[in-house]
Amino acid sequence: MPRRSKQSRRLVADGRAYVWTMRHSHRRDPDGRAVDCRQILTLALQPSGTGGVLRLVFADGPARYVPGGAPLGSGDVGFTRGADLNLHEPGAVRALLDGALARGWLPEERRTVEIDGWLLLDAAAAARAGEAGPEGPQP
């Protein structure tokens, strides 16, 4: 059964529960064309009101792709010559959450934090692939 794209999903990491959603957005230029595509992954500590909200923004740019669907899948983000992730996959979301936590995001702080998701993509993709760094896969 297909899942509803606007419905939040639950993720438990290190004993904490989060809900997460992913959405695609863009603005229209004066001619009505869609420009400035973005995928936005939002995570919130649960229960609601007990902590902050994290927004990871993947904005379209040179050597990056942020498709809104065909021919690539919804939720795909990546570098045209490098790492990529699908933001609908719980493992990808967990790897990005781990990256944000490692960079100092404190989920218990009751505020919204927005981070450029591209800063986390390489490390998150490597974690998904089972790599810790340039040494390759770890035992």
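1. Section: the sheet that holds strand β6 (residues 76-79)
The pairing of strands in a sheet happens through backbone hydrogen bonds and is either parallel or antiparallel.
Next up, step 1: With antiparallel pairing, 3 strands are arranged side by side in an open sheet as β5-β6-β7. Across the chains shown, the open sheet's two edge strands, defined by having one partner strand only, are β5 (64-65) and β7 (84-86).
Next up, step 2: Pairing of β5 with β6, which is carried by 2 bridges, proceeds in the antiparallel orientation. Among the inter-strand pairings, Arg64 is bridged to a residue of β6, identified as Phe79.
Next up, step 3: The sheet contacts of helix α2 (residues 118-128) involve β5, β6 and β7, and relative to β6 the element is tilted by about 100°.

2. Side note on α2
Next up, step 1: Regarding α2, the residues found buried are Trp118, Leu120, Leu121, Ala124, Ala125 and Ala126.
Next up, step 2: Where α2 is buried, its residues touch β4 (53-59), β5, β6, β7, α1 (90-102) and β8 (112-116).
Next up, step 3: Among the residues trailing α2, Gly130 stands out with phi positive, at a value near 85°.

3. Description of unusual backbone geometry
Next up, step 1: Residue Pro47 follows Gln46 across a cis peptide bond; omega there is -5°.
Next up, step 2: Relative to the helices and strands, Pro47 resides in the loop between β3 (34-45) and β4.
Next up, step 3: A positive phi angle, near 50°, is found at Asp14, a position not held by glycine.
Next up, step 4: Its location among the elements puts Asp14 in the loop between β1 (9-13) and β2 (16-28).
Next up, step 5: The backbone phi angle of Ala63 is positive, close to 65°, even though this residue is not glycine.
Next up, step 6: Summarising the element assignment, Ala63 is placed in the loop between β4 and β5.

4. A closer look at the pairing of β8
Moving residue by residue along a regular strand, the side chains alternate between the two faces of the sheet.
Next up, step 1: Here β8 shows one buried face, formed by Val113 and Ile115, and one open face, formed by Thr112, Glu114 and Asp116.
Next up, step 2: The pairing of β4 with β8 spans 5 bridges and is classified as parallel. Residue pairing for β8: Val57 is matched across the bridge by Asp116.

5. Quick notes on the environment of Val35
Next up, step 1: By the secondary structure assignment, Val35 is in strand β3.
Next up, step 2: According to the relative accessible area criterion, Val35 is partly exposed, its value standing at 23%.
Next up, step 3: Considered as a pair, Val35 and Asp60 are 25 residues apart in the sequence and their alpha carbons are 8.8 Å apart.
Next up, step 4: With sequence-adjacent residues up to four places away left out, Val35 is seen in contact with His26, Arg27, Arg28 and Asp29.

6. Description of the side chain of Gln39
Next up, step 1: For Gln39, the position within the fold is in strand β3.
Next up, step 2: Among all residues touching Gln39, those that are not within four sequence positions of it are Met22, Arg23, His24, Leu56, Val57, Phe58, Val66, Pro67, Gly75, Asp76, Val77 and Leu87.

7. Some remarks on the confidence of the model for the chain
Next up, step 1: On average, residues of the chain score 86 in pLDDT, and 85% of them reach the 70 mark or higher.
Next up, step 2: Across residues 132-139, confidence stays below pLDDT 50; counting only partners more than four residues off in sequence or on other chains, it has 5 contacts.

8. Let's talk about the pairing of β2
Next up, step 1: In this structure, β1 lies alongside β2, joined through 5 bridges in antiparallel fashion. Residue Arg9 lies in a different strand from β2, and its bridge partner there is Trp20.
Next up, step 2: Counting the residues in the hairpin turn of β1 and β2 gives 2 residues, including Asp14, whose phi is positive at 50°.
Next up, step 3: Note that β2 and β3 share 10 bridges and pair antiparallel. Considered in β3, the bridge of Tyr18 is made with Leu45.
Next up, step 4: Between β2 and β3, which pair antiparallel and follow one another directly, the connecting turn spans 5 residues, one of which, Gly32, has a positive phi of 90°.

Criteria and cut-off values
- Residues numbered from 1 in each chain as written.
- Predicted model: local features only at pLDDT ≥ 70, side-chain atom pairs only at ≥ 80, totals over all residues.
- Heavy atoms only, no water.
- Pairing = 2+ DSSP bridges.
- Helix = DSSP H or I, 4+ residues; strand = E, 2+ residues; numbered from the N terminus.
- Contact = heavy atoms within 4.5 Å.
- Axes fitted to C-alpha atoms, helices over the stretch in contact; angles between N-to-C directions.
- Buried < 20%, exposed > 50% of the residue type's maximum accessible area, 1.4 Å probe, protein only.
- pLDDT = per-residue confidence, 0-100.

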